[in-house]
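# Commentary on secondary and tertiary structure
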Amino acid sequence: MPRTSRLLAAVLVAAALLVPARAATAGGPTAAAAFQHPGVLVSRGQLDLARRNALAGTQPWKAAYDAMRASSYAALSWNPKPRAIVECGSSSNPNNGCSDERGDAIAAYTHALMWYITQDIRHAQKSVQIMDAWSAVLQDHTNSNAPLQTGWAGSSFARAAEVIRYSYPGWSTMNRFATMLRTVYLPEIINGAGCKNGNWELIMTDAATGIAVFLDDRTSFDKAIAIWRGRLPAYVYQAADGAQPRTPPTCPGKDTRAELVAYWQGQDTFADGLAQETCRDFGHTGWGLAAAAHVAETAWHQGIDLYAEQSERLTDGAYFHTRYESGTAAPSWLCGGDVSLGLGATTEVVFNHFHNRRGYDMPTTQRYTEAKRPAGANYFLAWETLTHANNPS
């Protein structure tokens, strides 16, 4: 790396680190309150802690950083593959740009994190190059998976853009990228997913929340939070809900017991922490639970404590699924005694909040979370051990 670039990078990061992080507080900001930046999933305090510990060789951050640095996403040779129309059918078939867009979005976020940690300006420039490539050409997402695809890619792009915008002043085409988020991504996801499985709506809301913060769009932010407040209680069951789960507000047609049992994959016995997709498979359920935690984390950085509003659903959801992932046999009443495992590394964010910020004893979730470290990157999840392990900022 040229000496001048190293010096410029050092100056830019030093200037950024002088800006103190704002601690989240309970309650919501007023309508006129400014958004806190960076504040999409990760705060400046969290970024600073991750940077210090990764560079000091402290675990688990060192292993997480090493994994990120060794990944293809962090390669300075990464070549974005934008296109005007991304067409994604069911299960991304056809896959016309779907994998490329998701990969580029994660790469943009990865390089943003690499920039923040290493002060190597080439990573900031690579993140900008990827985002600029897409904002120059993307016009639409089409076919049946368009809303979910938009959520997957939009989540990562919003995180990347937020880190770069508030730590690197060399992004001259930022407004074009912001326009793409506002006109191509946000309209596809801001109204929820209707009667699709709950991971769709939670992932879409994850993206909508992050995009709204990046755009300083209070109206869209408030709408996304309202969708979360309706969907999570309809996604994770609590006994207080009564004899059957709640109906998703964006899917009012699912209101009879028979309709809800069918929607819950045929499951007709309900217990605290059971999710609408548990008997589908733990993979999709993990996505839904992780996306729900992402929204709560972004809201936390904006002064809204969604975690407190739904603490039992979030902690019970994590416990319910990590328990079976950790070897507990499924009882006969649960999915006919046969669950499809594969929760993945999806619990860092929720575990960090309730254990490290709030002091909850979560032994099952803790063992599972630590066993999955370092968390990698796929779809809309990226490097959460690095950013959220033991990181209560």
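In this report, the structure presented in the accompanying data block is examined. Here the structure is a predicted model, which is why all the values come from computation and not from measurement. (Residues numbered from 1 in each chain as written. Predicted model: local features only at pLDDT ≥ 70, side-chain atom pairs only at ≥ 80, totals over all residues. Heavy atoms only, no water.)

So, on to the overall build of the protein chain. When helices and strands are tallied, the protein chain shows 16 helices and 7 strands. Computed over the C-alpha atoms, the radius of gyration of the protein chain is 20 Å, within 12% of the 21 Å expected from 2.2 N^0.38 for a compact globule of 393 residues. Along the first, second and third principal axes, the C-alpha atoms of the protein chain reach 65 × 45 × 40 Å. Counting only residues that meet the buried cut, the protein chain has 58% of its 393 residues in that class. For the protein chain, long-range pairs separated by at least 24 residues make up 76% of all intrachain contacts whose partners lie at least 6 apart in sequence. For the protein chain, the exposed surface amounts to about 14200 Å²; the carbon and sulfur share of it is 50%. (Helix = DSSP H or I, 4+ residues; strand = E, 2+ residues; numbered from the N terminus. Rg over C-alpha atoms; globule rule 2.2 N^0.38 Å. Buried < 20%, exposed > 50% of the residue type's maximum accessible area, 1.4 Å probe, protein only. Contact = heavy atoms within 4.5 Å. Areas by Shrake-Rupley, 256 points an atom, 1.4 Å probe, with all protein chains shown as cover.)

As enumerated under the stated definition, the model contains 3 disulfides in all. Each sulfur in the disulfide pair C195 and C251 lies 1.8 Å from the other. Between C195 and C251, the disulfide has an S-S torsion of 95° and is therefore right-handed. Here the residue C195 occupies a position in the loop between α7 (174–189) and α8 (198–215), and C251 occupies one in the loop between α9 (218–235) and α10 (257–263), the gap between them amounting to 56 residues. Residue class for C195 comes out partly exposed when judged on its relative accessible area of 42%. Relative accessible area serves as the criterion here: at 0%, C251 is assigned to the buried category. Here C279 is linked by a disulfide to C335, with a sulfur-sulfur distance of 2.0 Å. Around the S-S axis, the bridge from C279 to C335 shows a dihedral of about -85° and counts as left-handed. (Disulfide = S-S within 2.5 Å.)

Glancing now at the environment of A377. Examined against the element boundaries, A377 turns out to sit in strand β6 (residues 377–378). The residues touching A377, leaving out its near neighbours within four places in the chain, are Y73, I106, A382 and W383.

Turning next to the packing of helix α4 (residues 98–118) against helix α6 (residues 146–165). When two helices pack together, their arrangement is captured by the angle between the axes and the distance separating the axes. Running from amino to carboxyl end, α4 crosses α6 at an angle of 20°, the nearest separation of the two axes being 8 Å. Taken together, α4 and α6 sit at an angle that is classed as roughly parallel. The interaxial crossing formed by α4 with α6 has left-handed handedness. Two secondary-structure elements touch here, α4 through C98, E101, R102, D104, A105, I106, A108, Y109, A112, W115 and Y116 and α6 through Q149, W152, A153, S156, F157, R159, A160, V163 and I164. (Axes fitted to C-alpha atoms, helices over the stretch in contact; angles between N-to-C directions. Parallel < 35°, antiparallel > 145°, perpendicular 65-115°, else oblique. Left-handed = near helix turned anticlockwise from the far one by under 90°.)

This part takes up unusual backbone geometry. Look at the link from N93 to P94: it is a cis peptide, with omega at 10°. Phi is positive for N143, close to 80°, though the residue is something other than glycine. In this fold, N143 is placed in the loop between β5 (140–142) and α6. The class for N143 is partly exposed, based on a relative accessible area of 39%.

Relative to the helices and strands, D338 resides in the loop between α13 (311–325) and α14 (348–357). On the basis of relative accessibility, which here comes to 60%, the residue D338 falls in the exposed class. D338 sits 53 residues away from T285 along the chain, and the two C-alpha atoms are 15 Å apart.

Turning our attention to the pattern of salt bridges. One pass over the structure, following the stated rule, counts 13 salt bridges. With a closest N to O distance of 2.7 Å, K62 and D66 form a salt bridge. Of this pair, K62 and D66 are both found in helix α3 (residues 61–70), 4 residues apart, which corresponds to roughly one turn of the helix. For K62, a relative accessible area of 31% translates into the label partly exposed. With its nearest N and O atoms 3.6 Å apart, the salt bridge here joins R358 to D305. Note that R358 is positioned in the loop between α14 and α15 (363–371) and D305 in the loop between α11 (282–301) and α12 (306–309), a separation of 53 residues in sequence. Using a relative accessible area of 43% as the deciding quantity, one classes R358 as partly exposed. Salt bridges linked by common partners bring K62, D66 and R69 together as one network. (Salt bridge = Lys/Arg side-chain N within 4 Å of Asp/Glu carboxyl O.)

A word on the side chain of H301. Of note, H301 is situated in helix α11. Its relative accessible area of 5% is what places H301 among the buried residues.

Sheet strands pair via backbone hydrogen bonds, and the direction of the pair is either parallel or antiparallel. Sheet architecture is open: 3 strands sit in the order β4-β3-β5, paired in mixed fashion. Only two strands of the sheet have a single neighbouring strand rather than two, namely β4 (95–96) and β5. Both strand β3 (residues 85–88) and β4 contribute to a ladder of 2 bridges, which runs antiparallel. By the bridge assignment for β4, E87 is matched with N96. Sitting on the sheet, α6 touches β3 and β5, and the angle it makes with β5 is about 135°. (Pairing = 2+ DSSP bridges.)

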